[in-house]
Amino acid sequence: FFFALLRLIPQLPRAACSAMSSSRPSSEMESYIAAYAGHTRLKRLQFIAQHEPTLRAEALRIAVEQARQGVNTALYQELCATEGCPVARDDAWVDSVEKKASARLDKLESDLASHKTSLVKESIRMGHSDLGDFHASRGDFATALKCYVRTRDYCTTSRHTLSMCLAVVKVSIHMGNYTHVSNYVSKAEATPDAGSDAVLTAQLRVASALTALEAKKFRAAARKFVEVSVELGTSFSEVCSVSDVALYGALCALAAFDRAELSERVVKNSAFRSMLELYPEAREIVHDFHSSRYASCLAALETLRPDLLLDLHLRPHVDQLYADIRSKALVQYFSPFVAVDLCRMASAFNVEVDSLEKEIAALIMSGCIPARIDSQAKVLHARHADQRNATFVKALATGEAYMRDTKALLLRLNLLRADFAVKGSGDSSGPSKSSRQERAEARAFGGA
């Protein structure tokens, strides 16, 4: 069954399952970028060129070649103008593409005007959608977004609504507008029949996870990533690949999940395990962390760091994710013990004792580890609550609460026995028995 699941996912080259590092040849960069399609492929190459000087020339060369296969002349000129680009700008090609694009735009706008005259809703919807696709291919995502949103008034079926939402989600991700992504993912999920399409469900979960990742909500992102099914395949390659989902999910889960949740949602999750097979480094890191091989896990993470810093979505979060994973490893290592030798703990984490002591002191100050450090003996002692004292405090509090409730009950009984009640002026039930007696006595004394 496991291998049957793997066969559902198109097998990408091994190099495509991990990000680029400065030691890898250009052939592997081409294999890596082959996992993506459309605008994302160009933006990832541009991102690599911006953040890795040793790969800049090769990344720009491949990016320019890829740009010439499309019609996004603005991005093509931007790539050619980048410092270190080995390819000269082809002005004749730019002019030719601009003329063809202008003619194509005129035809699309003319067709849309004709459809509006005929008042056929489906034709008008398709006209706006085609215009959106055109502007998206040209890199004008703001105009494309307007065109896609206009199709909403002409959607007549659930499938049309879902198609509109997915198009808006993709364009919004390219724009970095994750508020729109969240809104339209919610609209799509609330649309009837949305859950019947496994591929669409996987795409929406990836979009939700990227939104949570962008907001540094690592727990929410991890839960969405690990729920992505293998049916995703290459259907969302315009945004990210399947191996990206495995990597992002693994890192967010290590940073946010406790041990029980990690075991339940990742290690025992057969669907997500099959995705981790596409990124062996992430799989080994998860297994090392779960097996408490923290030195090996952290060393593998450090080896992977240069690759992660070249990832379009992960780079802003690498430091925070690594800090959270390391802190969680330290907390989990200490949690079963009453006292721990800092020298042995430093050996387990492959760090200096003084450096480890500073890390643990910071965790103690933040409340993550209830302990105290014996700097002289280099021992970390757990600070457990005084159970005996806590029991006495709880017993006294319970006794005081019982006395208070008992006194209140006795007071109420005495008031009822004396038929004494304080009522508002608007009470229609009339005066109480004691009030009537007082009034009768007053009249008797007055008559006397």
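Conventions and cut-offs
Residues numbered from 1 in each chain as written. Predicted model: local features only at pLDDT ≥ 70, side-chain atom pairs only at ≥ 80, totals over all residues. Heavy atoms only, no water. Salt bridge = Lys/Arg side-chain N within 4 Å of Asp/Glu carboxyl O. Helix = DSSP H or I, 4+ residues; strand = E, 2+ residues; numbered from the N terminus. Buried < 20%, exposed > 50% of the residue type's maximum accessible area, 1.4 Å probe, protein only. Pairing = 2+ DSSP bridges. Phe/Tyr/Trp six-rings, centres within 6.5 Å; stacked < 30°, edge-to-face > 60°. Lys NZ or Arg CZ within 6 Å of the ring centre and 35° of its normal. pLDDT = per-residue confidence, 0-100. Contact = heavy atoms within 4.5 Å. Polar contact = N/O pair within 3.5 Å; in protein donor to acceptor, adjacent residues only side chain to side chain. Core = buried A, V, L, I, M, F, W, Y, C linked by side-chain atoms within 4.5 Å.

**Focus: the pattern of salt bridges**
Stage number 1. Across all of its chains, the model carries 24 salt bridges by this definition.
Stage number 2. Between Lys107 and Asp111 there is a salt bridge; the shortest N-O distance is 3.0 Å. Of this pair, Lys107 and Asp111 both sit in helix H6 (residues 91-118), four residues apart, roughly one helical turn.
Stage number 3. For Lys107, a relative accessible area of 48% translates into the label partly exposed.
Stage number 4. For Arg125, the salt bridge identified is with Glu122, shortest N-O distance 2.9 Å. Here Arg125 pairs with Glu122, and both are found in helix H7 (residues 121-137), just three residues apart, close to one helical turn.
Stage number 5. The partly exposed category is assigned to Glu122, whose relative accessible area is 32%.
Stage number 6. What emerges from the salt-bridge pattern is a single network uniting Glu30, Glu58, Arg61 and Glu65.

**Observations regarding the pairing of strand E2 (residues 371-374)**
Stage number 1. Bridge analysis of E2 against strand E3 (residues 379-382) gives four bridges, and the strand direction is antiparallel. Note that in E3 the partner of Asp374 across the bridge is Val379.
Stage number 2. Counting the residues in the hairpin turn of E2 and E3 gives four residues, including Lys378, whose phi is positive at 55°.

**Some remarks on the packing of aromatic side chains**
Stage number 1. Overall, the coordinates contain seven aromatic pairs when judged by the stated rule.
Stage number 2. Look at Tyr294 and Tyr333: their rings are 6.4 Å apart centre to centre, the planes differ by 70°, and that puts the pair in the edge-to-face class. Here Tyr294 is found in helix H17 (residues 294-308), whereas its partner Tyr333 is found in helix H18 (residues 318-334), with 39 residues between them in sequence. The burial state of Tyr294 is the same as that of Tyr333; both residues are buried.
Stage number 3. Following the ring pairs from residue to residue traces out a cluster consisting of Phe289, Tyr294, Tyr333 and Phe349.
Stage number 4. Over the face of the ring belonging to Tyr184 we find Lys187, whose NZ or CZ atom lies 5.7 Å from the ring centre.

**Comments concerning the confidence of the model for the protein**
Stage number 1. Averaged over every residue, the pLDDT of the protein is 84; the share at 70 or more is 88%.
Stage number 2. In the predicted structure, residues 1-25 sits below a pLDDT of 50 and forms 52 contacts with residues beyond four places in sequence or in another chain.

**What about unusual backbone geometry?**
Stage number 1. Although it is not a glycine, Leu119 sits at a positive phi angle of roughly 60°.
Stage number 2. Assignment of secondary structure puts Leu119 in the loop between H6 and H7.
Stage number 3. Under the relative-accessibility criterion, Leu119 is labelled exposed at 69%.

**Topic: the environment of Arg61**
Stage number 1. Structurally, Arg61 can be placed in helix H4 (residues 56-67).
Stage number 2. With relative accessibility at 23%, the residue Arg61 sits in the partly exposed group.
Stage number 3. The spatial distance from the C-alpha of Arg61 to the C-alpha of Leu45 is 9.3 Å, given a sequence separation of 16 residues.
Stage number 4. Of the polar contacts made by the side chain of Arg61, one reaches the side chain of Glu58; its length is 2.3 Å.
Stage number 5. Separated by 2.7 Å, the side chains of Arg61 and Glu65 make a polar contact.

**Brief notes about the side chain of His39**
Stage number 1. Assignment of secondary structure puts His39 in helix H3 (residues 38-51).
Stage number 2. Residue class for His39 comes out buried when judged on its relative accessible area of 17%.
Stage number 3. Not counting residues within four places of it along the chain, the set of residues in contact with His39 comprises Asn72, Leu75, Phe141 and His174.

**Observations regarding the nonpolar core**
Stage number 1. One finds Leu247, Val266, Leu314 and Met345 to be the most contacted residues of the largest nonpolar core, which totals 92 residues.
Stage number 2. When residues in this core are grouped by element, the largest group, twelve residues, is from helix H13 (residues 242-256).
Stage number 3. Setting aside its immediate chain neighbours within four residues, Val266 contacts Val226, Ala253, Phe257, Glu261, Phe272, Arg273, Leu276 and Val286.
Stage number 4. In terms of nonpolar packing, the next biggest core, distinct from the first, is built from 25 residues, Ile33, Leu42, Ala59 and Leu75 among them.

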